[in-house]
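Residues per chain are reported as follows:
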Amino acid sequence: QKEVEQDPGPLSVPEGAIVSLNCTYSNSAFQYFMWYRQYSRKGPELLMYTYSSGNKEDGRFTAQVDKSSKYISLFIRDSQPSDSATYLCAMSASPEKLVFGQGTRLTINP
Amino acid sequence: SQTIHQWPATLVQPVGSPLSLECTVEGTSNPNLYWYRQAAGRGLQLLFYSVGIGQISSEVPQNLSASRPQDRQFILSSKKLLLSDSGFYLCAWSVEGMGSYGYTFGSGTRLTVV
């Protein structure tokens, strides 16, 4: 079993829709949770960071962590074509190592 | 501000040839440095990480090696490339001891072994 599971998609939604992206994990020691966005042929960029359980909101983006279920989510409201990218979840229990999900390829259709 | 440079952007190499990819970080001291590989349709695989000059930890046994000759320089090498070495190679850095708060990635090198 992989430490982090993420549906690779692809996921295609119309512009303006609410997008829900999810990851599950097996290591209960994970305390730090992140979402990265990766445009085609580019390096990933940090989008959201959350420590332990709870919600965090930044503009149109909301990250949720449910440690009891070992489940994290990223919600995108009022999705735009510019949000089309691959979204990777990442998490860690130690400073030296992040464990990444496979990434979900998202397309927002105008 | 901190910046990370990675080159070359693309590389096509024949099987059996050597490899050297370089990564440098500016604007910070004693960063943690990482090499990742991303194969098509797959996630990021950690290859090596370094917490200091000459300190290299290997995560995956393979024909690749890494070196950190200077504080802000990280090099990924191979003596003889295999077809399976093709992929997107990413260098990343984090503040010393603060990797749990996220990494900053370079723009990547797309390596095709033919």
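Read on for a plain summary of the structure. The structure displayed is predicted, hence computed values, not measured ones.

The next subject is the overall build of chain B. Counting secondary structure elements, chain B contains zero helices and 11 strands. The N-to-C order of helical and strand elements in chain B reads β-β-β-β-β-β-β-β-β-β-β. A compact globule built from 114 residues would reach a C-alpha radius of gyration of about 13 Å, and chain B, at 13 Å, matches this within 12%. In terms of principal-axis extent, the alpha carbons of chain B reach across some 35 × 30 × 25 Å. When contacts within chain B are restricted to residue pairs at least 6 apart in sequence, long-range pairs at least 24 apart make up 55% of them. Per element, the accessible surface of chain B, about 5,200 Å² overall, is 53% carbon and sulfur. Of the side-chain charges in chain B, 7 are positive and 6 negative, and the distance between the mean point of each set is 10 Å.

One key point about sheets: their strands pair by backbone hydrogen bonds, in either a parallel or an antiparallel sense. All names here are of chain B. Within the open sheet, the four strands sit side by side as S1-S3-S8-S7. Their pairing is antiparallel. For this open sheet the edge positions go to strand S1 (3-7) and strand S7 (64-70), each flanked by a neighbour on one side alone. Adjacent strand axes in the sheet meet at a mean angle of 15°, parallel and antiparallel pairs treated alike. The pairing of strand S3 (residues 19-26) with strand S8 (residues 73-78) spans six bridges and is antiparallel. Looking at S8, one finds that threonine 24 is bridged to glutamine 73.

Attention now goes to unusual backbone geometry. Here the bond from A:Gly9 into A:Pro10 is cis, since omega is 10°, no more than 30 degrees from zero. You can see A:Pro10 is positioned in the loop between strand S1 (4-5) and strand S2 (11-14). Cis peptide bonds are those with omega within 30 degrees of zero, and the linkage from B:Trp7 to B:Pro8 qualifies with 0°. As for its placement among the helices and strands, B:Pro8 is situated in the loop between S1 and strand S2 (10-13). With a phi close to 65°, A:Arg41 is a non-glycine residue in the positive phi region. Along the polypeptide, A:Arg41 turns up in the loop between strand S4 (32-38) and strand S5 (45-51). Backbone geometry at B:Asn30 places phi at a positive 50°, although glycine is not the residue there. Checked against the element boundaries, B:Asn30 lands in the loop between S3 and strand S4 (32-38). For B:Asn30, a relative accessible area of 24% corresponds to the partly exposed category.

A few words on the pairing of S7(B). Residues and elements named next belong to chain B. With five bridges joining them, S7 and S8 adopt antiparallel strand pairing. Of the residues in S8, the one forming a bridge with glutamine 70 is glutamine 73. Here S7 folds back onto S8 in antiparallel fashion, the turn holding two residues.

Attention now moves to the nonpolar core. Residue and element names in this part refer to chain A. Counting 24 residues, the largest nonpolar core has Trp35, Ile72, Leu74, Tyr87 and Met91 as its most contacted members. Contributing elements (two or more residues each) for this core: strand S3 (19-25), S4, S5, strand S7 (61-66), strand S8 (71-76), strand S9 (85-94) and strand S11 (104-109). Apart from residues lying up to four places away in sequence, methionine 91 is in contact with Val4, Cys23, Tyr25, Phe30, Tyr32, Phe33, Ile72, Lys97, Leu98 and Val99.

Conventions used here
- Residues numbered from 1 in each chain as written.
- Chains lettered and ligands numbered in written order.
- Predicted model: local features only at pLDDT ≥ 70, side-chain atom pairs only at ≥ 80, totals over all residues.
- Heavy atoms only, no water.
- Helix = DSSP H or I, 4+ residues; strand = E, 2+ residues; numbered from the N terminus.
- Rg over C-alpha atoms; globule rule 2.2 N^0.38 Å.
- Contact = heavy atoms within 4.5 Å.
- Areas by Shrake-Rupley, 256 points an atom, 1.4 Å probe, with all protein chains shown as cover.
- Lys, Arg positive; Asp, Glu negative; His and termini not counted.
- Charge placed at Lys NZ, Arg CZ, Asp CG, Glu CD.
- Pairing = 2+ DSSP bridges.
- Axes fitted to C-alpha atoms, helices over the stretch in contact; angles between N-to-C directions.
- Buried < 20%, exposed > 50% of the residue type's maximum accessible area, 1.4 Å probe, protein only.
- Core = buried A, V, L, I, M, F, W, Y, C linked by side-chain atoms within 4.5 Å.

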